[in-house]
Amino acid sequence: MSRSKTFPNLACFFLCALIAPNLTGILGEDALLPSPQNISILSTNMRHFLTWSPVTIQGETVRYSVEFQGEYEREYANESWIPICECSLITATVCNITEDISATVAYNLRVRADTGARRSQWGTLKGFFNRITTSLTPPPMKVIADGYHLLVELKDMGPAFQFCVLYWKKGQESRMHWKMVKDVSSTVHLDTMEAGHDYCVKAQTYVETINRSSSFSQTQCVRAQGGRSLWLVTAMISSAGFALAALTLLFLAWKTSKIFQYSCCPIAVLPDTLKAVEPPTQLILCGNEEAEQCDLMVCVMPSEEVLRLWIQETL
């Protein structure tokens, strides 16, 4: 009886002696791997990052895994935890949890260190995180004066963001105007300005899902392009246009008078056969001389002589 009892005791002893060193080594190594510390969240403009201090093990690469637990998991899923696939066995000490924090509820997060066969205990975030506490910053913007148009360019910060833009004429802060901008894919037109006046603009971000706004950006002012130089250019253009119009009217009046003159008092043009080749004075003189010669050569001839001369010319 005692022999039968002794054998199981000896077998148990040898088995424990064989397993104990390995078991002790495993448990000792697990205890030597510390949990990640200083776990915190950096959240700005609805982008959330979980960070922690690195766990340093001489000669080994430490990897980290992150899990989160939302309100649903705590209350309806037996306090289960959900791994973040993008942050499983990573060497970095930061994890982008923006896509996983998808509701405005309290979240808990935890991190574990891993070196292959050894793991640490989970290091848990102190307290809960709610994305409503994210830090919102004013939007980067650029104010432009394009002639008499007041324009603003806003940086696209994501689909969740809208922008409340305030603008006013400098010196009339009590008469501010505002515009809610949702689409910032192009330059936004705010107002039509008066020449020579300054206009000012400031803006803030607004996130509807958490019903929160940022502070306003620094005020930027621009002056409407124009003023004295524009008036001078306008006056020069107007003067040139007036002078051109006056010259046009004078030309039309002269042309009209010529048309009426030709219509009422046409100029007679002699045919070429009636045009004198020699000067009129020579024609007059020549005519006078021929007349005198003709007068000197006049003589009275008898009728018989005239008849005889006519018969000769006929034959």
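Residues numbered from 1 in each chain as written. Predicted model: local features only at pLDDT ≥ 70, side-chain atom pairs only at ≥ 80, totals over all residues. Heavy atoms only, no water.

The chain carries the name Interleukin-20 receptor subunit beta in an unreviewed UniProt entry, which gives Aythya fuligula as its organism.

Visitor: A description of the sheet that holds strand 12 (residues 188-192) should follow, citing residues and the corresponding values.
Guide: Ordered in space as 8-9-12, the three strands form an open sheet in which the pairing is antiparallel. Edge positions in the sheet fall to strand 8 (141-146) and strand 12, since each of these pairs with one other strand and no more. Between one strand axis and the next, the sheet turns through 25 degrees on average, direction left out of account. Relative to strand 9 (residues 149-154), strand 8 runs antiparallel, the two sharing six bridges. The partner of Ala 145 across the bridge, within strand 9, is Leu 150. (Pairing = 2+ DSSP bridges. Helix = DSSP H or I, 4+ residues; strand = E, 2+ residues; numbered from the N terminus. Axes fitted to C-alpha atoms, helices over the stretch in contact; angles between N-to-C directions.)

Visitor: Can you tell me about the environment of Ser 135, naming the residues and giving the values?
Guide: Residue placement: Ser 135 occurs in the loop between strand 7 (123-124) and strand 8. For Ser 135, a relative accessible area of 38% corresponds to the partly exposed category. Those residues in contact with Ser 135 that lie beyond four places of it in its chain are Ser 43, Thr 44 and Asn 45. (Buried < 20%, exposed > 50% of the residue type's maximum accessible area, 1.4 Å probe, protein only. Contact = heavy atoms within 4.5 Å.)

Visitor: Give a detailed account of the pattern of salt bridges, specifying residues and quantitative values.
Guide: Scanning the entire structure with this criterion turns up five salt bridges. Between Asp 114 and Arg 119 there is a salt bridge, and its shortest N-O distance comes to 3.1 Å. Overall, the relative accessible area of 44% leaves Arg 119 in the partly exposed class. Here Lys 169 and Glu 194 are joined by a salt bridge, their closest N and O atoms 3.2 Å apart. Residue Lys 169 is located in strand 10 (residues 161-169), and its partner Glu 194 is located in the loop between strand 12 and strand 13 (198-207); the two are separated by 25 residues in the primary sequence. For Lys 169, a relative accessible area of 15% corresponds to the buried category. (Salt bridge = Lys/Arg side-chain N within 4 Å of Asp/Glu carboxyl O.)

Visitor: Go over the state of the cysteines with me, naming the residues and quoting the values.
Guide: Going through the model one piece at a time under the given rule, you end up with two disulfides. Disulfide partner of Cys 87: Cys 95, at an S-S distance of 1.9 Å. Between Cys 87 and Cys 95, the disulfide has an S-S torsion of 95 degrees and is therefore right-handed. On the basis of relative accessible area, Cys 87 is assigned to the buried category, the value being 3%. Across a sulfur-sulfur distance of 2.0 Å, Cys 200 and Cys 221 are joined as a disulfide pair. The chirality of the disulfide connecting Cys 200 with Cys 221 is right-handed, given an S-S dihedral of about 100 degrees. (Disulfide = S-S within 2.5 Å.)

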